[in-house]
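Coordinate inspection notes
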Amino acid sequence: MTNPFAGKNVLSTKDFSKHDVEYLMETASKMKDMKQDGSKVLSNKIMASMFLEPSTRTRLSFDAAMKRLGGQVVGFSDWEKSSFHKGETLSDTLRVVENYADVVVLRSKYEGAARYAASILEIPVINAGSGSQEHPTQAFLDLACIKEEKGYIDGLTIGLCGDLHYGRTVHSLVPLLARYDITLVLISPESLGLRDEDKASLKESGVTFKEVELLETVIGDLDCLYMTRIQRERFPSEEDYRKVRGFYVLNQDTLKGASDQLLLMHPLPRINEIDPGVDALPQAVYFKQPMHGLHVRMALLALIFDIL
Ligand code: CP
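Let us look at the structure shown here.

So, how was this worked out
- Residues numbered from 1 in each chain as written.
- Predicted model: local features only at pLDDT ≥ 70, side-chain atom pairs only at ≥ 80, totals over all residues.
- Heavy atoms only, no water.
- Near = heavy atom within 4 Å.
- Polar contact = N/O pair within 3.5 Å; in protein donor to acceptor, adjacent residues only side chain to side chain.
- Areas by Shrake-Rupley, 256 points an atom, 1.4 Å probe, with all protein chains shown as cover.
- Nonpolar A, V, L, I, M, F, W, Y, C, P; charged D, E, K, R; others polar.
- Domains from an automatic or database assignment.
- Axes fitted to C-alpha atoms, helices over the stretch in contact; angles between N-to-C directions.
- Helix = DSSP H or I, 4+ residues; strand = E, 2+ residues; numbered from the N terminus.
- Parallel < 35°, antiparallel > 145°, perpendicular 65-115°, else oblique.
- Left-handed = near helix turned anticlockwise from the far one by under 90°.
- Contact = heavy atoms within 4.5 Å.
- Core = buried A, V, L, I, M, F, W, Y, C linked by side-chain atoms within 4.5 Å.
- Buried < 20%, exposed > 50% of the residue type's maximum accessible area, 1.4 Å probe, protein only.

What follows concerns the site of the ligand. Every residue near the ligand is listed here: Ser 55, Thr 56, Arg 57, Thr 58, Arg 107, His 135, Gln 138, Pro 267 and Leu 268. Gln 138 places a polar side-chain atom, nitrogen or oxygen, 3.0 Å from a nitrogen atom of the ligand. At a separation of 3.0 Å, a nitrogen atom of the ligand approaches a polar backbone atom of Pro 267. Here the ligand has 260 Å² of accessible area as a free molecule, and 91% of this is covered by the chains. Class assignment of the residues belonging to the shell around the ligand gives a composition of 2 nonpolar, 5 polar and 2 charged. Residues from two domains meet in the shell around the ligand; each of domain 1 (13-135 + 291-304) and domain 2 (138-290) gives at least three.

Angle between the axes and distance between the axes are the two parameters that describe a pair of packed helices. Orientation of helix α5 (residues 136-150) relative to helix α6 (residues 168-177), taken along the N-to-C sense of each, is 55°, at an axis distance of 8 Å. With respect to each other, α5 and α6 are oriented oblique. Both α5 and α6 take part in a crossing whose hand is right-handed. Contacts between α5 and α6 involve Pro 136, Gln 138, Ala 139, Phe 140, Asp 142, Leu 143 and Ile 146 from the former and Thr 169, Ser 172, Leu 173, Leu 176 and Leu 177 from the latter. Partitioned by chemical class, the residues of the contact of α5 with α6 number 8 nonpolar, 3 polar and 1 charged.

Right, let's talk about the nonpolar core for a bit. Among the nonpolar cores identified, the biggest contains 61 residues, and Phe 140, Ile 158, Leu 160, Ile 182 and Leu 301 are the most heavily contacted of them. Examining the composition of this core, we find that 9 residues originate from one element, helix α9 (residues 289-304), more than from any other. Per-domain counts for this core show at least three residues from each of domain 1 (13-135 + 291-304) and domain 2 (138-290). With sequence-adjacent residues up to four places away left out, Leu 160 is seen in contact with Val 170, Leu 173, Val 174, Leu 184, Val 185, Leu 186, Ile 187 and Tyr 226. Judged by nonpolar contacts, the second largest core, of 21 residues, contains Val 212, Leu 215, Ile 219 and Tyr 248.

Relative orientation of the contacting elements helix α1 (residues 18-36) and α9 amounts to 105°, with a least axis distance of 8 Å. Between α1 and α9, the angle falls in the class roughly perpendicular. Where α1 abuts α9, its residues Tyr 23, Leu 24, Thr 27, Ala 28, Met 31, Lys 32, Met 34 and Lys 35 lie against Met 291, Leu 294, His 295, Val 296, Met 298, Ala 299, Leu 300, Ala 302 and Leu 303. Tallied by class, residues from the contact of α1 with α9 come to 13 nonpolar, 2 polar and 2 charged.

This is the structure:
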């Protein structure tokens, strides 16, 4: 089978077919063994890790993925200590970094930053989160987690809950889920509903979906519940954020009507939308998602360099 990721940029989940995503998930499941066997397949490769916005999981898992495969990492998580702080443009910075690395992993608060980087660089660019728009590698790992934990995707009823408007993980996950035969339940306050463009593409794909405000009214119907953080940093004003802060809190009470097979997910970080009392439930897999993130990012790097 041809590797659909060889030499490619990873900018948006919309750029990849169901076949591509299945290929990635199959490769990711092989990474569990490669992680342990000290494989050095990327020993002559360097990844530039450029995070212009805070990150724990994405940055560390990309670093770990590269190092697990024998590669090396340059870059910065503290943008203030780079020459960007002296006024150097993103464009000039990227052109310089291209001399030192074989792939760029970029996170930015600007919507089109990764696509812009890809337009000026010869080496592949991986979008590690761009504004409220895209977080494709998170969506890949979320899908891999559902498939691994449930064993299948077709036929599932999946609830997306919280900030469906500003959340970039949702915006990237919806097009992936739309490639499967699933039912979506969109749970949010009206002001944080899924964007019109996403709803239009769900309709075009023939996905059955409904929108509700109260989690309790639908929780019994769900096979998988994907909670999200209200994205405070994306709101036009603090006042707008305060109106919806704390709108959802998943706890033992909320879960009363739920199936005991209900898969509980969250891209993290969480603030207060999942009570820590839920963490010990076997179906709470949000601390396993970062492990899937490591496997998926190892797979992506190996496939981009086409070394498997
Ligand atoms: N899920 C996620 O993107 O986490 P970080 O912001 O910590 O990378």
